[in-house]
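As a plain string of letters, each chain reads:
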Amino acid sequence: MYCYRKVTDDLYWIGGNDRRLALFEGVYQIPRGVSYNSYLLMDEKTVLLDTVDKAVKGVFFENIEKVLDGRKLDYLVVHHMEPDHSEAIWEVVMRYPEVKIVCNAKIAQMMKQFFSFDVDARVELVKEGDTFHTGKHNLVFVSAPMVHWPEVMVSYDTTDKILFSADAFGTFGALNGALFADEVDFPRDYLDEARRYYTNIVGKYGVQVQALLKKAATLDIQMICPLHGFVWRKDIGWYLDKYLHWSSYTPEEQGVVIAYASIYGNTANAADILACKLRERGVRTEVFDVSVTPASEIIAAAFKYSHLVFAAPTYNSGVFVTMEALLMDLAEHNIQNRTVAFMENGTWAATSARQMGAMLEKCKNLTVLEQKVTIKSSMKEAQMAEIEALADALNEG
């Protein structure tokens, strides 16, 4: 049975929600599900803007049929070829054999890699700045390479001032009947998931996101329609400001993320002592056990806060495996502009602080504090001075 919502008088959301998927892209936990957004413009020409993941194809095609109400589908605009948005292209072509596909050359090439139908016979290629007239509406195409694939483009409807933003400005979480961000308490209920979505999916490509934001700044955007999450029609400037912070690796808040790995609880104890000392100084803290908490949550917190502390034992002459995995992941996401400190533990060889530091050397503009804490097996009263000194440095830095 169909399930769609009106975005404007002639634009419809016809996507779907997936609450059964455990890992988005096979990596990121999504306990609250995810939406796959597609839009159908009912102008003089009917225009489908992107498709959906195979998980929601059933309701997607029911929605198309209901909204078209007997009209043919004239065009499909493809902004992004990742399968969660393009998997249904082949079936769209089979169901609507006269449909033309509007995309750029890189998208067309990727389409040939994914599908076996005659792409060249169907595509109408566009490039940066080209305009596509649908009747009342005009779509202007803007390249957005590496946000977060190289072929990505976005489009801007000059009539209704809508930005169709591909994967930019999305969020994890099923829509639960809502469509617009102002229908929910987004800062309270969804901002953390929006941050986790951005930092893990797009976070590596801050320079490219900044380039897109500069282009967006020249447009009068009254609405944003992303491929995941809510449509934005209010408080757009607030959300753009979040993207400016995230893409420039600027902390949103002053505070300390303490991420620890602990085998028998001794390193965890030291991390908790540090957190207590910081709170006594009025410093906000978030503490994570990297063996339990998904890396995506810790990476999102690292993008939010100004200071990072990593605590881990030496393990097989290296860094404990879960901490090693986190630091590799964090470095790959280009974390920058943070103050960093280390705590290490080792019964006979405490060397993990140096090794953790080496793993983050390629990250730009990290201020690494001289103060560190070295534990030999377990915390002793004599080492409280080291904890106090580190807390002071984190509070002042």
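Below is a short write-up of the structure. (Residues numbered from 1 in each chain as written. Predicted model: local features only at pLDDT ≥ 70, side-chain atom pairs only at ≥ 80, totals over all residues. Heavy atoms only, no water.)

1. Notes on helix 9 (residues 266-280)
Reasoning step 1: End to end, helix 9 covers 21 Å across 15 residues, agreeing with the expected 21 Å (1.5 Å per residue, within 8%).
Reasoning step 2: Of all the positions in helix 9, only T267, A268, A270, A271, I273, L274, A275, K277 and L278 are classed as buried.
Reasoning step 3: If you follow the buried residues of helix 9, they end up packed against strand 17 (253-260), strand 18 (285-289), strand 19 (305-315), strand 21 (338-345), strand 23 (373-375) and helix 13 (384-396). (Helix = DSSP H or I, 4+ residues; strand = E, 2+ residues; numbered from the N terminus. Expected span 1.5 Å × (residues − 1). Buried < 20%, exposed > 50% of the residue type's maximum accessible area, 1.4 Å probe, protein only. Contact = heavy atoms within 4.5 Å.)

2. Let's talk about the sheet that holds strand 1 (residues 5-6)
Reasoning step 1: With mixed pairing, the seven strands of this open sheet are ordered in space as 1-2-7-8-9-10-11. Pairing within the sheet leaves two strands with one partner each, and these edge strands are strand 1 and strand 11 (123-125).
Reasoning step 2: In terms of strand pairing, strand 2 (residues 11-13) meets strand 7 (residues 39-42) through three bridges, oriented antiparallel. Along strand 7, the bridge assignment pairs W13 with Y39.
Reasoning step 3: Taken strand by strand, helix 1 (residues 57-68) contacts strand 2, strand 7 and strand 8 (46-49), and its axis lies near 10 degrees from that of strand 7.
Reasoning step 4: Docked against the sheet, helix 4 (residues 105-114) engages strand 10 (100-103) and strand 11, running at close to 125 degrees with respect to strand 10. (Pairing = 2+ DSSP bridges. Axes fitted to C-alpha atoms, helices over the stretch in contact; angles between N-to-C directions.)

3. Comments concerning the packing of helix 6 (residues 191-202) against helix 10 (residues 295-304)
Reasoning step 1: Where helix 6 meets helix 10, the axes come as close as 8 Å, and the angle between the chain directions of the two elements is 95 degrees. Considering the angle they form, helix 6 stands roughly perpendicular to helix 10. Of the residues in helix 10, those touching helix 6 at D192, R195, R196, T199 and N200 are S296, E297, I299, A300, F303 and K304.
Reasoning step 2: Considering only residue class, the contact of helix 6 with helix 10 consists of three nonpolar, three polar and five charged. (Parallel < 35°, antiparallel > 145°, perpendicular 65-115°, else oblique. Nonpolar A, V, L, I, M, F, W, Y, C, P; charged D, E, K, R; others polar.)

4. Thoughts on the pattern of salt bridges
Working definition: two side chains of opposite charge can pair if their charged atoms are close together.
Reasoning step 1: This model, assessed by the stated rule, comprises 23 salt bridges.
Reasoning step 2: Where K72 meets D74, a salt bridge forms, and the shortest distance between an N and an O atom there is 3.7 Å.
Reasoning step 3: Relative accessible area serves as the criterion here: at 10%, D74 is assigned to the buried category.
Reasoning step 4: Note that R195 and D192 form a salt bridge whose closest N and O atoms lie 2.9 Å from each other. You can see R195 and its partner D192 sitting in helix 6, three residues apart, about one turn around the helix.
Reasoning step 5: R195 gets classed as buried once you look at its relative accessible area, which sits at 3%.
Reasoning step 6: A relative accessible area of 49% places D192 in the partly exposed class.
Reasoning step 7: The structure contains a network of salt bridges with shared partners spanning K57, E87, E91 and R95. (Salt bridge = Lys/Arg side-chain N within 4 Å of Asp/Glu carboxyl O.)

5. What to know about unusual backbone geometry
Reasoning step 1: Looking along the chain, the bond that leaves V147 and enters H148 is cis, with omega of 5 degrees.
Reasoning step 2: Despite not being glycine, D235 has its phi angle at roughly 55 degrees, a positive value.
Reasoning step 3: Along the chain, the position of D235 falls in the loop between strand 16 (223-225) and helix 8 (236-247).
Reasoning step 4: Its relative accessible area of 56% is what places D235 among the exposed residues.
Reasoning step 5: For S317, which is not a glycine, the phi torsion comes out positive at approximately 65 degrees.

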